[in-house]
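Take a look at the letters that make up each chain.
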Amino acid sequence: MTRTSSWIALQNPTFRRLWFASVVSGTWVSAHETAATWMMNSISHSTLLLSLMSTAATLPFFLFILPAGALADMTNRKKMLYLAYIWLAVCAGGLAILGWLNLLTPYVILGSTFLIGTGFAFNAPVFSAVVPEIVSNEELPSASTLSGLQLNISAIVGPALGGLLLLFVGANTVFALNALCFLAVLISIAPWKPQVSRLPLESFFESVATAIRYVRYSQRVRIVLIRHAIFSFFIAIIPALLPVVGLKELHLSPSNLGLLFTSLGIGSAFSAVLILPWARAHFSPNTLTRSAALLLSIVSVLMALIRETPVFLLVAALAGVGWTVSAVELWVAAQRAMPGWARGRMNATVIMVSQGATALGGILWGTIAATAGVRSALLVQAILILALLTVTHLLRHPWSIDFTVTADLDSVPAMVMNVGYKLLYSPQPKDGPVLVTVEFQLDRSRGSEFVDLMREVRLIHLRSGAYSWQLFEDPSRLNTFRMEMMVPSWTQYLLQQDRMTKADREVIGQAESLHVGPNPPEVRMYLGVNKELLSHKHRSPERFVVPKP
């Protein structure tokens, strides 16, 4: 097996157990979704309730994924995985028990779908952070490829399996078997020992606030979030109305309903294995996503007009092709726009925005389908996609993701941990806020260049943890400027130093090179004492001992 083989990560025993368990569990999750959709249609004739199944599954991601991402960086990840999978097993098993007791109602099914979605929302960010810890750097590309393959296998096999089991053993047995498969994943991760960070951990609120600040001050991340939101809003019509068309318009049997979702999975696998490698060699990421959007608008028109089952299965496969091309390219763009230190929280933010837009889209398209008809909803979506493609083309692609073509220097860590101060004592992790000041002396002729560089320095500091940054000019001293930066705590200050990249250091170095004083720029740091004054706590005298010369 070569070092570049797509299967090399399976040589890692922990990843191999986790991958096979994920394939089995993912397959049963897809079977569970097919069975739940069939049960909803059996006990309710409401088009709106049927379309809300996808909304109930995705809404928890919008509500809980960001706190889950923060918790994933703060807690023991192995324990968090255990809790998430136990929760999923209880929810799936509880639905089976309620089914055997004949207590299932449309709202019970929607509630169960929401609770299972909640489990996946808390599982997703920690699971995405666990894989890089389990595998080596050499195995990571293979692990990424195999994770995508696992989703395609589950999407192909699961719905067909669920459709067959509905005929022979019923939906309740499918729910129960899914619960058992969730527990199998726990067994697969039992031998894994998670890594422990050497740096102090952020508090929950600091972690969430840092994620929000990074999004606010990073243009690339904002573009990625906008694109994910738009894509998810429009693609929501597929999971929302595909089962509606199959059950209400085509009157499919349980096995054929499973084949409908299997066709969607086959299209996704075909796209990932054959289309994307060729397309990436010939087209830019932005062109690929726009072409996929155009294909999805055509798919919506075909879904509105075609009512022959064999042809409709081909349309579902085309939907899988367009869906996968857009989703994969947007996900790659997101990973390249994120710094390594914030990947967990940024992934959680992307998932939150995507699932929130999917939930909103599911509600809108389901409501239009229930009031004006399925065809109207599909045609409206197709027209809106074409209109958006036209407008963005006329505006010269303001949200282009072609920045992913070149390497992102911001992703290269500086590997410098320099506090840079002679401290009389070591601050405690929660001490703060921390005020850092830097005083520059400049040649007035280069003032404009300095201010431009400091604009970039401001964004660097605000993205990496500062919550306040200002630049002042001293009116009493010629050509003297003072930068002031506030960081919430000593922990955040240490983390900010660790988060600096080579590109960040280069910009800061350029700004410092404009200093013309006889000595380097004067740097001072201050710790806030307001919290101690308010709580009547004082530092022990031992912490203020001045070191002997």
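Residues numbered from 1 in each chain as written. Predicted model: local features only at pLDDT ≥ 70, side-chain atom pairs only at ≥ 80, totals over all residues. Heavy atoms only, no water.

Chemist: Mind showing me how you'd approach the overall build of the protein chain here?
Modeler: Along the backbone of the protein chain there are 18 helices and four strands. In the protein chain, buried positions account for 50% of the 549 residues. Within the protein chain, contacts between residues separated by at least 24 positions form 85% of all contacts whose residues are at least 6 apart in sequence. (Helix = DSSP H or I, 4+ residues; strand = E, 2+ residues; numbered from the N terminus. Buried < 20%, exposed > 50% of the residue type's maximum accessible area, 1.4 Å probe, protein only. Contact = heavy atoms within 4.5 Å.)

Chemist: What's the story with the sheet that holds strand S2 (residues 468-473) in this structure? I'm lost.
Modeler: Sheet strands pair via backbone hydrogen bonds, and the direction of the pair is either parallel or antiparallel. Taken together, the four strands give an open sheet; going across it, the order is S2-S3-S1-S4, and neighbouring strands pair in antiparallel fashion. This sheet does not close on itself; its edge strands, each paired only once, are S2 and strand S4 (522-527). Across the sheet, the mean angle from the axis of one strand to that of its neighbour is 15 degrees, orientation sign disregarded. Contacting strand S1 (434-441), strand S3 (480-487) and S4, helix H16 (residues 490-499) runs over the sheet at an angle of about 115 degrees to S3. (Pairing = 2+ DSSP bridges. Axes fitted to C-alpha atoms, helices over the stretch in contact; angles between N-to-C directions.)

Chemist: I would appreciate a short explanation of the side chain of Ser326 in the present structure.
Modeler: Take Ser326: it is sitting in helix H12 (residues 309-337). On the basis of relative accessibility, which here comes to 2%, the residue Ser326 falls in the buried class. Among residues more than four places away in sequence, those in contact with Ser326 are Phe231, Thr289, Ala292 and Ala293.

Chemist: Any chance you could explain the packing of helix H7 (residues 204-217) against helix H8 (residues 219-235) here in plain terms?
Modeler: When two helices pack together, their arrangement is captured by the angle between the axes and the distance separating the axes. As a packed pair, H7 and H8 sit with axes 5 Å apart at the nearest point and diverge in direction by 95 degrees. Comparing the axis directions of H7 and H8 gives the class roughly perpendicular. Residues Tyr214, Val215, Arg216 and Tyr217 of H7 form the contact with H8, whose participating residues are Gln219, Val221, Arg222 and Leu225. Of the residues belonging to the contact of H7 with H8, the class tally is five nonpolar, one polar and two charged. (Parallel < 35°, antiparallel > 145°, perpendicular 65-115°, else oblique. Nonpolar A, V, L, I, M, F, W, Y, C, P; charged D, E, K, R; others polar.)

Chemist: What is the right way to read the environment of Gly163 from this model?
Modeler: Assignment of secondary structure puts Gly163 in helix H5 (residues 140-168). Taking the relative accessible area as the measure of exposure, Gly163 reaches 0% and is therefore buried. As a C-alpha pair, Gly163 and Ala35 span 128 residues in sequence and 7.2 Å in three-dimensional space.

Chemist: I keep staring at unusual backbone geometry and nothing clicks. Help me out?
Modeler: Glycine aside, residues mostly have negative phi, and peptide bonds are mostly found in the trans state. Of note, Asn102 is a non-glycine position whose phi angle comes to about 60 degrees, a positive value. Along the chain, Asn102 turns up in the loop between helix H3 (77-100) and helix H4 (106-134). Positioned with a positive phi, Arg396 is a non-glycine residue whose angle comes to about 65 degrees. Structurally, Arg396 can be placed in the loop between helix H14 (374-394) and S1.

Chemist: Looking at this structure, I do not really get H14. What am I missing?
Modeler: Counting along an α-helix, one turn takes 3.6 residues, and residues three or four places apart therefore face a common direction. Look at H14: 31 Å from first C-alpha to last across 21 residues, which is about the 30 Å you get at 1.5 Å a residue. For H14, the complete set of buried residues consists of Val374, Ala377, Leu378, Gln381, Ala382, Ile385, Leu389 and Thr392. End-on, the buried residues of H14 take up no more than an arc of 135 degrees, which puts them together on one face. Of the exposed residues in H14, those oriented more than 90 degrees away from the buried face are Ile383 and Leu394. (Expected span 1.5 Å × (residues − 1). Arc of directions from axis to C-beta.)

Chemist: Would you take a moment to explain H8 for this structure?
Modeler: An ideal rise of 1.5 Å per residue puts 24 Å on 17 residues; H8 measures up with 24 Å between its terminal C-alpha atoms. Listed in full, the buried residues belonging to H8 are Val221, Ile223, Val224, Leu225, Arg227, His228, Phe231, Ser232, Phe233, Phe234 and Ile235.

Chemist: I would appreciate a short explanation of the packing of helix H15 (residues 447-464) against helix H17 (residues 502-513) in the present structure.
Modeler: Viewed as axis vectors pointing N to C, H15 and H17 meet at an angle of 145 degrees, and their least axial separation amounts to 9 Å. In the packing of H15 onto H17, the handedness of the crossing is left-handed. Counting all contacts with H15, which are made through Phe450, Leu453, Met454, Glu456, Val457, Ile460, His461 and Arg463, the residues of H17 involved are Asp504, Val507, Ile508, Gln510 and Ala511. Taken together, the residues of the contact of H15 with H17 sort by class into eight nonpolar, two polar and three charged. (Left-handed = near helix turned anticlockwise from the far one by under 90°.)

Chemist: So what exactly am I meant to see when it comes to the pattern of salt bridges here?
Modeler: A side chain with one charge may pair with a side chain of the opposite charge, provided their charged atoms come close. In this structure the tally under the stated criterion is seven salt bridges. A salt bridge links Arg477 to Glu439; the nearest nitrogen and oxygen atoms lie 2.9 Å apart. Residue Arg477 is found in the loop between S2 and S3, and its partner Glu439 is found in strand S1; the two are separated by 38 residues along the sequence. When its relative accessible area of 38% is taken as the criterion, Arg477 is described as partly exposed. For Arg482, the salt bridge goes to Glu484, with nearest N and O atoms at 2.8 Å. On the basis of relative accessibility, which here comes to 29%, the residue Arg482 falls in the partly exposed class. (Salt bridge = Lys/Arg side-chain N within 4 Å of Asp/Glu carboxyl O.)

Chemist: How should I be thinking about the nonpolar core in this particular structure?
Modeler: One broad trend across soluble globular proteins is that nonpolar side chains are buried collectively. Membership of the largest hydrophobic core comes to 85 residues, with the highest contact counts inside it found for Phe175, Ile238, Leu241, Leu242, Met303, Phe312 and Met346. For this core, the element with the highest residue contribution is helix H13 (residues 343-372), accounting for nine residues. With near-sequence residues (within four places) excluded, Phe175 lies in contact with His32, Ala35, Ala36, Met39, Ala92, Leu95 and Ala96. Within the second largest apolar cluster, 29 residues are counted, among which are Val126, Val135, Phe182 and Trp192. (Core = buried A, V, L, I, M, F, W, Y, C linked by side-chain atoms within 4.5 Å.)

Chemist: Help me understand the environment of Phe450 in this model?
Modeler: Looking at where Phe450 falls in the secondary structure, it is placed in helix H15. Overall, the relative accessible area of 0% leaves Phe450 in the buried class. Linking Phe450 and His515, residues 65 residues apart in sequence, is a C-alpha distance of 9.2 Å. Aside from chain neighbours lying at most four places away, what touches Phe450 is Phe440, Leu442, Leu471, Phe481, Ala511 and Leu514.

Chemist: What is the right way to read the pairing of S1 from this model?
Modeler: Two faces, one strand: in a regular strand the side chains alternate between the faces of the sheet. Among the eight residues in S1, seven count as buried, and that is most of the element. Bridge analysis of S1 against S4 gives six bridges, and the strand direction is antiparallel. Within S4, the residue paired with Thr437 across the bridge is Arg524.

Chemist: Can you help me understand the pairing of S3 in this one?
Modeler: Alignment of S1 against S3, held across eight bridges, turns out to be antiparallel. Paired with Phe440 across the bridge in S3 is Phe481. Sheet analysis places S2 next to S3, joined by six bridges and oriented antiparallel. The partner of Leu471 across the bridge, within S3, is Met483. Between the antiparallel neighbours S2 and S3 lie six residues, among them Asn479 with a positive phi of about 60 degrees.

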